[in-house]
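Examining the three-dimensional arrangement
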Amino acid sequence: MPFRFIHTADIHLDSPLRSLSLRDPDLAGLIGDATRQALIAIVDLCLEEQVHALIIAGDLYDGDQTSMKTARFLATQMERLHAAGISVYKIRGNHDALSKITQELVLPPSVKIFGSRAEAMELRHDGMNIVIHGLSFAKPHAPDSLLPKYRPPVADGINIGIMHTSLAGASGHDPYGPCNVADLHASDFDYWALGHIHQRSHHLGQRTVIMPGMPQGRDINEAGEKTVSLVTIGDDRSIVIEERLTSIAQFERLVVDVTDIQEWRDVISSIENALVKQRDRTRSEHLVGRLKLIGNTRLAWRLRRDLDLLQAEADQRAQGIGRTWVEKIDLSVRPADLLQTFAVADPLIELGELMQTEVMTSHGFREDIRQMVQELLDDLPAESRKFAGNNELEFDVFIDDLMVQSGDDIIARLQAPAREPK
């Protein structure tokens, strides 16, 4: 009889809202509860598939949690697994290394939380010797590789290693327990159940090395459907991996081209069409879209000036589609032809041209803006800085775009309704 388990990581239970706008309390409530719903979905999957174990490779919590509400919720889910005879094997990662819940919560005896010294748990399953190795973070930071600290694989056993690691490094992730994938393949472990990097990956080689990603995204920077791994180890030591959907709310970026659109209602129709198409492609229960309008249109300044109205109409269309939300609308639109849209002598046109050709191109002005943005980034946690790029080149592109867009925003707000072209 095969040994089957679910492998997940980085649930970040009860993670606080980060960049999500709180303008819509219903949407905020949906996302605020999504990590809990994802854990419920994982437990449901364990029960439906009648697996033998659930492996959580770190960051079950999002920090130094003290909420008894969270504790009761977690205990309830673990009791569901315990009642079904399903064991849980968990390590602590950088986010839950010091969690008071981890240290104080009384969980069923079927839940094994590995300590900061490497351990190996052996269990017999239908003639197979399954050995589960684990090592938790003792502190939130682990700058050195943890691999040398693991116990050697047990001969003739099926060795499963649970590790929280940034591997060789990933964009947007600080180094935590870094190690080389080649070393994992050479370690003679049959399966490495990894955690920490929020994007799913399967590192091919002589062994099975899986980073499952997170089971539920928390903001637009964690877009796409999220899953866990259903792992089946056969009597012949063969390993089969199945990816199973767990995300309740799925963030997606949607680009809407409004080039040459002349009427406001046609912009709204284009937004609705984009939402409908993405809703049809989305397997998660809820779609949370961030719209980006691009292109040259005579409505460019009106879209900027009346962005609140645009957002309200987009929300209404999303509500009509069902289980669809518009988290935010970004504008990257420019006037189609300034000279045709307004009179040549229009002072706002002249001001706009002056801003773009003189002010925005000034080296001193650009450096001031760059310094202001850099100071803002320095005050933000690392995971919240992605909007400005992941390297120097991307940061400079962001600054250039910011200056162009801000200039257009200023002109749009100075434009009186009476100046709007008919």
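Above this text is the structure in question.
None of these values were measured; they are calculated from a predicted model.

When its secondary structure is counted, the protein shows 11 helices and 15 strands. A buried classification covers 50% of the 422 residues belonging to the protein.

One open sheet accounts for 3 strands, arranged S13-S14-S15; its pairing is parallel. Either end of the sheet is taken by a strand with one partner, and the two such strands are strand S13 (249–257) and strand S15 (324–334). Here the average twist between neighbouring strands, direction ignored, is 15°. Its contacts with the sheet put helix H1 (residues 25–49) on S13, strand S14 (286–296) and S15, and the angle it makes with S15 is roughly 110°. Running over the sheet, helix H7 (residues 307–321) touches S14 and S15 and is turned about 140° from S15.

Glancing now at the side chain of Gln-77. Inspection of the secondary structure puts Gln-77 in helix H2 (residues 68–83). When neighbours within four sequence positions are excluded, Gln-77 is seen to be in contact with Leu-39, Ile-40 and Val-43.

Attention shifts here to the sheet that holds strand S10 (residues 208–211). Taking strand neighbours across the sheet as the criterion, the 6 strands line up as S5-S6-S7-S8-S10-S9 in an open arrangement whose pairing is mixed. Two strands bound the open sheet, and with one partner strand each, they are strand S5 (119–125) and strand S9 (201–203). Taken pair by pair, the neighbouring strands of this sheet meet at an average axis angle of 20°, ignoring direction. Bridge count between strand S8 (residues 191–195) and S10: 3 bridges; the pairing is parallel. Bridge assignment links Tyr-191 to a residue of S10, and that residue is Thr-208.

This next bit is on the pattern of salt bridges. Applying the stated criterion across every chain, the model contains 20 salt bridges. A salt bridge links Glu-49 to Arg-244, with the shortest nitrogen-to-oxygen separation between them at 2.7 Å. Pair noted here: Glu-49 is in helix H1 and Arg-244 is in strand S12 (residues 239–245), with a separation of 195 residues, a long-range link. A relative accessible area of 24% means that Arg-244 is categorised as partly exposed. The partner of Asp-188 in a salt bridge is Arg-207, and the shortest N-O contact between them spans 3.2 Å. On the criterion of sequence distance, the pair formed by Asp-188 in the loop between helix H4 (181–185) and S8 and Arg-207 in the loop between S9 and S10 is long-range, its members being 19 residues apart. A network of salt bridges, in which partner residues are shared, links Arg-4, Glu-49, Glu-242 and Arg-244.

Reading the values: rules and limits
Residues numbered from 1 in each chain as written. Predicted model: local features only at pLDDT ≥ 70, side-chain atom pairs only at ≥ 80, totals over all residues. Heavy atoms only, no water. Helix = DSSP H or I, 4+ residues; strand = E, 2+ residues; numbered from the N terminus. Buried < 20%, exposed > 50% of the residue type's maximum accessible area, 1.4 Å probe, protein only. Pairing = 2+ DSSP bridges. Axes fitted to C-alpha atoms, helices over the stretch in contact; angles between N-to-C directions. Contact = heavy atoms within 4.5 Å. Salt bridge = Lys/Arg side-chain N within 4 Å of Asp/Glu carboxyl O.

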